[in-house]
Amino acid sequence: MTATEAPDHAALVIEAQGGDADAFAELYRRFGRFVHGLLLARLPRDDADDVTQEVFMEAWKKLPKLREPAAFGTWIASLARGRAVDHLRRRRAHTDLDTPLPARETQTTSLQATEVLAAIQALPEAYRETLMLRLVEGHSGPEIAALTGLTPASVRVNLHRGFKLLRERLGVDS
């Protein structure tokens, strides 16, 4: 969602509830990065793309049951958070490698990004979500507020405190 797009998605939701795949595709375009950011706050980077797709497939199936079309943003956020929990439960059944594979020189940037993502994921949940939506998905503070239902002031506080904690964990002076 960009600042120039209307925050009211109820009309699109109603059209999608009636089976309009183009309307649902527009909802995906507007909310895909938001859902991806929420998932990145909880899941390993490699899993977030796949789980984002799963969330939207689940949303398509359950959309006719959504009673309040204007609540689509909070509803899909709830689906994403639930899907992340389910994914982590299933993942625990699999065994991860105990030692990381050696990195090639060309992977240095990727490893640094992975380190930053891991540091963000270790923060308290309120900071994780707002930082992922800002840093990874590129949403502005007002966009984050509109998508999450938080007040703009709460988003500013969460970003400020989250950035402070992140700098501390990464050993970066401000």
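What comes next is a walk through the structure. Think of each chain on its own: its residues are numbered from 1, step by step along the sequence as written. Reporting of local features is limited, given that this is a predicted model, to residues whose pLDDT is at least 70; pairs of side-chain atoms are given and counted only at 80 or more, and all residues count toward the totals for whole chains, interfaces and linings. To obtain the side-chain values, all non-hydrogen atoms of the structure were included, while hydrogens and water were left out.

Take the overall build of the protein chain next. Starting at the N terminus, helices and strands are each numbered in turn, a helix being any DSSP run of H or I of at least four residues and a strand any DSSP run of E of at least two. The number of helices and strands found in the protein chain is 8 helices and 0 strands. A simple rule labels every residue: compare its accessible area, found with a 1.4 Å probe on the protein chains alone, to the largest value its type can have, and call it buried under 20%, exposed over 50%, or partly exposed in between. Buried residues in the protein chain amount to 39% of all 174 residues. For this analysis, residues touch if any pair of their heavy atoms sits within 4.5 Å. Sequence separation of 24 or more characterises 67% of the internal contacts of the protein chain that already satisfy a separation of 6 or more. Accessibility throughout is a Shrake-Rupley quantity obtained with a 1.4 Å probe, and a residue counts as covered only by protein chains that appear here. In the form shown here, the protein chain has an accessible surface area of approximately 10,300 Å², with 54% of it arising from carbon and sulfur atoms.

Glancing now at the pattern of salt bridges. Each reported salt bridge corresponds to a side-chain nitrogen of Lys or Arg within 4 Å of a carboxyl oxygen of Asp or Glu. By the definition in use, this model includes 11 salt bridges. Between Arg29 and Glu26 there is a salt bridge whose closest N-O contact spans 2.6 Å. With Arg29 and Glu26 both in helix α2 (residues 21–40) and 3 residues apart, this pair spans about one turn of that helix. The network of salt bridges with shared partners includes Arg42, Arg81, Glu125, Arg128 and Glu129.

What follows covers α2. Taking 1.5 Å of rise per residue, 20 residues should cover 28 Å, and α2 covers 26 Å from first to last C-alpha, within 8% of that figure. Two N or O atoms form a polar contact when they lie within 3.5 Å of each other; inside protein one atom must be a possible hydrogen donor and the other a possible acceptor, and for residues adjacent in sequence the pair counts only when both atoms belong to side chains. For α2, the capping residue at the N-terminal end is Asp20, with a side-chain oxygen 2.9 Å from the backbone nitrogen of Asp22. A helix is expected to span 1.5 Å for every residue after the first.

Helix packing for two helices is described by the angle between their axes and how far apart those axes are. Packing of α2 against helix α3 (residues 45–62) leaves a shortest axis separation of 9 Å and a crossing angle of 140°. Regarding α2 and α3, the two cross each other, and that crossing is right-handed. Two secondary-structure elements touch here, α2 through Ala21, Phe24, Leu27, Tyr28, Phe31, Gly32, Val35, His36, Leu39 and Leu40 and α3 through Arg45, Ala48, Asp49, Val51, Thr52, Gln53, Val55, Phe56, Ala59 and Trp60. Ten residues, namely Ala, Val, Leu, Ile, Met, Phe, Trp, Tyr, Cys and Pro, are considered nonpolar, four, namely Asp, Glu, Lys and Arg, are considered charged, and the remaining ones, Gly among them, are considered polar. Partitioning the contact of α2 with α3 into residue classes produces 14 nonpolar, 4 polar and 2 charged. Simply put, an axis is a line fit to the C-alpha atoms, just over the touching stretch for a helix, and the angle between two N-to-C directions goes from 0 to 180 degrees. Each helix crossing is assigned a hand: it is left-handed if the near helix lies turned anticlockwise from the far helix by less than a right angle, otherwise right-handed if that turn is clockwise.

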